[in-house]
Amino acid sequence: MKNSTRETTGPLHGLVFAPGEELLFHPGDPIRISSRFPVGHYRVPLYLRGKAGIVEAVIEPAAIDNEEEGYGRNAGTRRHYYRIAFPMTEIWPDYAGSLRDGLRIEVYETWLERR
Amino acid sequence: MNPPNQGHDRDHAHGHDHLHAETGLSGRPGYYDIMETAVRELLVERQLIGPDEIRRQIELLDSRTPALGAKVVARAWVDPAFRARLLADGRKACEELGISFYDDTQLIVLENTDKVHNLIVCTLCSCYPRPVLGLPPDWYKLKPYRSRAVSEPRAVLAEFGTIIPDDVEIRVSDSTAMVRYLVLPKRPEGTEDYSEEQLAALVTRDTMIGVVPASVEQGKAPQ
């Protein structure tokens, strides 16, 4: 894990982040949404599981992991949501609109994989 | 798809068929009615929240209307510095105008341009920028809009009478997590002499969801 990114560009030097709060992804990173299908209610839509996208932005501040918190498994640790960009043609192979069309959505860090 | 405002809220669990809100209770409460009552009574009984806090929150929610969003948009049209702050941090810029955010959601303001047309949806449920627009319209909460807005947005827009040329990108934002969106429509042509107040009158709810452009005609339609 890179640990210099925010230390050198941020206003404070030598800042130590809580576990999980350090960014694992950055704008421009190519990612894939995990294709896990756990039992229960998850906010990552089914239509995006396994789809390839690009990180467009980091959503600050880091936020609670609802999926762990909901089962009492999280002690308040936080990670980031990322705004992810997809071309419509990646999501719907037979998409009928313009090739320029796209979709944006915020996805929690635990659902992103490098590609 | 039903035309706007005529959609019936099929999501609600009362199991009967009516096109307008009831004025009194009739029939047995549904599953979710009972669950809501039980949770509310437990929270009050355990003194985690008081009945007045619930009432006050409902009052707060009901006080929000699209007129607030319209003020934000009109200010952005006349004040480039405000527009820049709004696009950089939607929530902070709205708070500048005195619009409080009573929850921990962030707001991303999506600017429509000659190259991009933004459309917002929540495929999961009905996430909506309530602090600035109030309650969402019924059609926004129904499955036809929620599923089709992400799979065939151009067809959905056409049903609202909005035809977007192929060389303009449609960008659909699906708000399912911590972030809410507000569309900043394009300022209509021929409004150079309008005051900020006159501009705000052109900005309807649907223009800020992205299903129609703002226009001088929109402003004349009843809101």
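Small disclaimer: the values here were computed from a predicted structure and weren't measured.

What about the overall build of chain A?
Looking only at helices and strands, chain A features three helices and five strands. Along the chain direction, N to C, the helices and strands of chain A fall in the order α-β-β-α-β-α-β-β. Across its three principal axes, chain A shows a C-alpha extent of roughly 50 × 35 × 20 Å. For chain A, buried positions account for 23% of its 115 residues. Partitioning the contacts of chain A with sequence separation of at least 6, the portion at a separation of at least 24 is 58%.

Some details on the environment of Leu103(A)
Within the fold, Leu103(A) resides in strand S4 (residues 102-108). The class of Leu103(A) is buried, set by 29 C-beta atoms lying within 10 Å. The sequence separation of Leu103(A) and Gly40(A) amounts to 63 residues, and the corresponding C-alpha distance is 25 Å. Sequence-distant contacts of Leu103(A), defined by excluding residues within four places in its chain, comprise Phe86(A), Met88(A), Ile91(A), Val150(B), Val172(B) and Asp174(B).

What about the domain arrangement of chain B?
Interfaces are often sized by the amount of accessible area the parts lose when they come together. For chain B, the assigned domains are domain 1 (32-62) and domain 2 (66-220). Distance from the C-alpha centre of domain 1 of chain B to the C-alpha centre of domain 2 of chain B: 31 Å.

Remarks on the packing of helix H3 (residues 66-78) of chain B against helix H4 (residues 80-88) of chain B
All names here are of chain B. Taken N-terminus to C-terminus, the directions of H3 and H4 make an angle of 125°; their axes are 5 Å apart at the nearest point. Here H4 runs oblique to H3, going by the angle between their axes. As for the relative orientation of H3 and H4, their crossing is left-handed in sense. On the side of H3, the interface is formed by Val-72, Arg-75 and Ala-76, while H4 contributes Phe-82, Arg-83 and Leu-86. By residue class, the composition of the contact of H3 with H4 is four nonpolar, no polar and two charged.

Focus: the confidence of the model for chain B
Residue and element names in this part refer to chain B. Mean pLDDT for chain B: 89, with 86% of residues reaching 70 or above. A low-confidence stretch, residues 1-16 stays under pLDDT 50, and its non-local contacts, those more than four residues away or across chains, total 25 contacts. Across the predicted assembly, pTM comes out at 0.84 and ipTM at 0.86.

A few points about the interface of chain A and chain B
Each partner contributes to the interface: chain A provides 18 residues, whereas chain B provides 19 residues. Within the residue set of the side of chain A that touches chain B, elements represented by two or more residues are strand S2 (52-64) and S4 of chain A. The dominant element in the side of chain A that touches chain B, judged by the number of residues it contributes, is S4(A), at six residues. Class assignment for the residues of the side of chain A that touches chain B results in ten nonpolar, three polar and five charged. Two elements, S4(A) and strand S3 (residues 169-174) of chain B, share four bridges in a ladder whose sense is parallel. For Arg104(A), the partnering residue across the bridge sits in S3(B) and is Ser173(B).

Description of the sheet that holds S3(B)
Pairing within the open sheet is mixed, and its seven strands lie in the order S5(A)-S1(A)-S2(A)-S3(A)-S4(A)-S3(B)-S2(B). Each of the sheet's edge strands pairs with one partner strand only, and the pair in question is strand S5 (112-114) of chain A together with strand S2 (116-121) of chain B. Averaged over all pairs of adjacent strands, the angle between their axes in this sheet comes to 35°, without regard to strand direction.

Notes on helix H2 (residues 51-62) of chain B
Its twelve residues place the ends of H2(B) 17 Å apart at the C-alpha level, agreeing with the 16 Å of an ideal helix rising 1.5 Å per residue. Among the twelve residues that make up H2(B), zero are buried, leaving the element largely open to the surroundings.

Here's the deal with unusual backbone geometry
The omega torsion of the bond from Glu60(A) to Pro61(A) falls at -5°, within 30 degrees of zero and hence cis. Structurally, Pro61(A) is set in strand S2. Positive phi outside glycine occurs at Gln47(B), with the angle close to 60°.

Quick notes on H3(B)
Residue and element names in this part refer to chain B. In a regular helix each residue adds 1.5 Å, so 13 residues correspond to 18 Å; H3 covers 19 Å between its end C-alpha atoms and thus fits that length. Extensive coverage of H3 is indicated by the burial of ten of its 13 residues. All of the buried residues in H3 are Pro-66, Leu-68, Gly-69, Ala-70, Lys-71, Val-72, Val-73, Ala-74, Ala-76 and Trp-77. On its buried face, H3 is in contact with H4, helix H5 (90-96), helix H6 (130-133), strand S4 (179-184), helix H10 (196-200) and helix H11 (205-209).

Looking at the pairing of S2(B)
Residues and elements named next belong to chain B. Among the six residues in S2, five count as buried, and that is most of the element. By the bridge criterion, six bridges tie S2 to S3 in an arrangement that is parallel. Paired with Val-116 across the two strands is Glu-169, which belongs to S3.

Some remarks on the nonpolar core
Counting 64 residues, the largest nonpolar core has Val107(A), Val73(B), Leu119(B), Val121(B), Leu182(B), Val183(B) and Val203(B) as the members making the most contacts within it. For this core, the element with the highest residue contribution is H3(B), accounting for seven residues. The contacts of Val107(A), once residues within four sequence positions are left out, are Ile33(A), Val44(A), Tyr81(A), Tyr82(A), Ile84(A) and Leu112(A).

Reading the values: the criteria
- All residue numbers refer to position in the chain's written sequence, counted from 1.
- The order in which chains are written sets their letters, starting at A; the order in which ligands are written sets their numbers, starting at 1.
- Two thresholds apply to this predicted model, a pLDDT of at least 70 for residue-level local features and 80 or more for giving and counting side-chain atom pairs, whereas whole-chain, interface and lining totals are computed over all residues.
- Segments assigned H or I by DSSP are reported as helices when at least four residues long, segments assigned E as strands when at least two residues long, and all are numbered from the N terminus.
- Here a residue counts as buried when 20 or more other C-beta atoms sit within 10 Å of its C-beta, as exposed when there are 12 or fewer, and as partly exposed otherwise, the C-beta atoms being derived from the backbone.
- What counts as a contact here is a pair of residues whose C-beta atoms, placed from the backbone, lie within 7 Å.
- Each domain span listed reflects an automatic or database assignment of domains.
- Axis geometry follows a simple rule: fit a line to the C-alpha atoms, using only the stretch in contact for helices, then measure angles between N-to-C directions, giving values from 0 to 180 degrees.
- Reported orientations rely on four angle classes, namely roughly parallel under 35 degrees, roughly antiparallel over 145, roughly perpendicular from 65 to 115, and oblique for the rest.
- Note on convention: the crossing is left-handed when the near helix lies turned anticlockwise from the far helix by less than a right angle, right-handed when the turn is clockwise.
- Gly is put with the polar residues, along with every residue not named as nonpolar or charged; the nonpolar set is Ala, Val, Leu, Ile, Met, Phe, Trp, Tyr, Cys and Pro, and the charged set is Asp, Glu, Lys and Arg.
- As a per-residue measure, pLDDT tells how confident the predictor is, with possible values from 0 to 100.
- Note: two strands are recorded as paired if DSSP finds a minimum of 2 bridges between them.
- A helix is expected to reach a length of 1.5 Å times the quantity of its residues less one.
- A set of buried Ala, Val, Leu, Ile, Met, Phe, Trp, Tyr and Cys residues, joined through C-beta atoms within 7 Å, is what we mean by a nonpolar core.

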